[in-house]
Amino acid sequence: GIQVEQSPPDLILQEGANSTLRCNFSDSVNNLQWFHQNPWGQLINLFYIPSGTKQNGRLSATTVATERYSLLYISSSQTTDSGVYFCAVEETSYDKVIFGPGTSLSVIP
Amino acid sequence: GAGVSQSPSNKVTEKGKDVELRCDPISGHTALYWYRQSLGQGLEFLIYFQGNSAPDKSGLPSDRFSAERTGGSVSTLTIQRTQQEDSAVYLCASSFGRPPLHFGNGTRLTVT
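Residues numbered from 1 in each chain as written. Chains lettered and ligands numbered in written order. Predicted model: local features only at pLDDT ≥ 70, side-chain atom pairs only at ≥ 80, totals over all residues. Heavy atoms only, no water.

(A) Focus on the overall build of chain A. When you go through chain A residue by residue, the secondary structure sums to zero helices and eleven strands. Reading chain A from its N end, one meets helices and strands in the order β-β-β-β-β-β-β-β-β-β-β. The C-alpha radius of gyration of chain A comes to 13 Å, within 12% of the 13 Å expected for a compact globule of 109 residues. Based on the C-alpha atoms only, the size of chain A along its principal axes is roughly 45 × 25 × 20 Å. Within chain A, buried positions represent 48% of all 109 residues. Pairs at least 24 apart in sequence give 55% of the contacts found in chain A among residues at least 6 apart. Surface exposure of chain A reaches about 5,200 Å², of which carbon and sulfur atoms provide 47%. (Helix = DSSP H or I, 4+ residues; strand = E, 2+ residues; numbered from the N terminus. Rg over C-alpha atoms; globule rule 2.2 N^0.38 Å. Buried < 20%, exposed > 50% of the residue type's maximum accessible area, 1.4 Å probe, protein only. Contact = heavy atoms within 4.5 Å. Areas by Shrake-Rupley, 256 points an atom, 1.4 Å probe, with all protein chains shown as cover.)

Spelled out as structure tokens, the structure:
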């Protein structure tokens, strides 16, 4: 099955700093999503981005499907950005959605 | 309802007992997913439904785990003869068959 890697595994930022999170996948995918899991465990969809670039406020994402990676940019980070960021891909041969191991982000004041 | 609803929110059971976890997807969503998340870990795929059928059951950890979906809506995940390693948060998500996935708040299962 498809393999999904995320880097870095852990990240500590000072409030106001910018960061880039990366997701690599081993095979062609139908689509890719980014999720944020807050400290209370709630999972929120940030982006559905099979290719190209999207922006939503301080967050943006870029997926280069031909090179099998996606990037999530967080600008001017806030303490509320803390949590775990997951990318999830849908395999082309199947409909199941596989999650990467996540990047744990802590934003300190 | 407005979102994906899971019940119970917490379940404590004794080793060897059976448990049933319930997921009510968003109305009209055809696809439904079950995941398991152990403490501090990522999401482990368990099973996926399109309508009432499950094209892929490969993620179920053992034959003690089963799931069904009826009427294209409610789904139940059943764990028989629970073991301590089954302790985790069980998450359900639904979609219109295409992304994005919408998650419930999960059921925290503790096996003592």
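(B) Highlighting the state of the cysteines. All names here are of chain A. On inspection of all chains with the given rule, the structure shows two disulfides over all chains. The partner cysteine of C23 in its disulfide is C87, sulfur to sulfur 2.0 Å. Judged by the sign of its S-S torsion, about 70°, the cystine formed by C23 and C87 is right-handed. A residue pair is termed long-range when its members are at least 10 positions apart, and C23 in strand β3 (residues 19-25) and C87 in strand β9 (residues 83-91) qualify at 64 residues. (Disulfide = S-S within 2.5 Å.)

(C) The arrangement of the sheet that holds strand β8 (residues 75-79) of chain B in detail. Residue and element names in this part refer to chain B. Reading across the sheet, the four strands line up as β1-β3-β8-β7 and stay open at both edges, with antiparallel pairing between neighbours. Only two strands of the sheet have a single neighbouring strand rather than two, namely β1 (5-7) and β7 (65-69). The sheet shows a mean angle of 15° between the axes of neighbouring strands, direction not considered. Bridge count between β1 and strand β3 (residues 19-24): three bridges; the pairing is antiparallel. By the bridge assignment for β3, S5 is matched with D24. (Pairing = 2+ DSSP bridges. Axes fitted to C-alpha atoms, helices over the stretch in contact; angles between N-to-C directions.)

(D) Representation of the nonpolar core within the structure. In terms of nonpolar packing, the biggest core is built from 40 residues, with W34(A), F99(A), Y33(B), Y35(B) and F103(B) touching the most fellow members. Element by element, the count of residues in this core is highest for β9(A), at five residues. Within the second largest apolar cluster, 19 residues are counted, among which are L21(B), I26(B), I47(B) and I79(B). (Core = buried A, V, L, I, M, F, W, Y, C linked by side-chain atoms within 4.5 Å.)

(E) The arrangement of the environment of N24(A) in detail. Residues and elements named next belong to chain A. With respect to the helices and strands, the residue N24 is situated in strand β3. Separated by twelve residues in sequence, N24 and I12 place their C-alpha atoms 21 Å apart. Ignoring anything within four residues of it in the chain, the contact list for N24 reads Q3, V4, E5, R68 and Y69. Within the local environment of N24, its side chain forms a polar contact with the side chain of R22, the two groups lying 2.9 Å apart. (Polar contact = N/O pair within 3.5 Å; in protein donor to acceptor, adjacent residues only side chain to side chain.)

(F) Examining the packing of aromatic side chains more closely. All names here are of chain B. A full pass over the atoms with the stated rule returns nine aromatic pairs over all chains. On the basis of an interplanar angle of 20° and a centroid distance of 6.2 Å, the ring pair of Y33 and Y35 is categorised as stacked. For the pair shown, Y33 and Y35 are each scored as buried. Here the aromatic rings of Y35 and F45 are separated by 5.9 Å at their centres, their planes lie at 75°, and the arrangement is edge-to-face. Taken together, the positions of Y35 in strand β4 (residues 31-37) and F45 in strand β5 (residues 44-50) put the pair ten residues apart, joining distant regions of the chain. Like Y35, the residue F45 is buried in the burial classification. (Phe/Tyr/Trp six-rings, centres within 6.5 Å; stacked < 30°, edge-to-face > 60°.)

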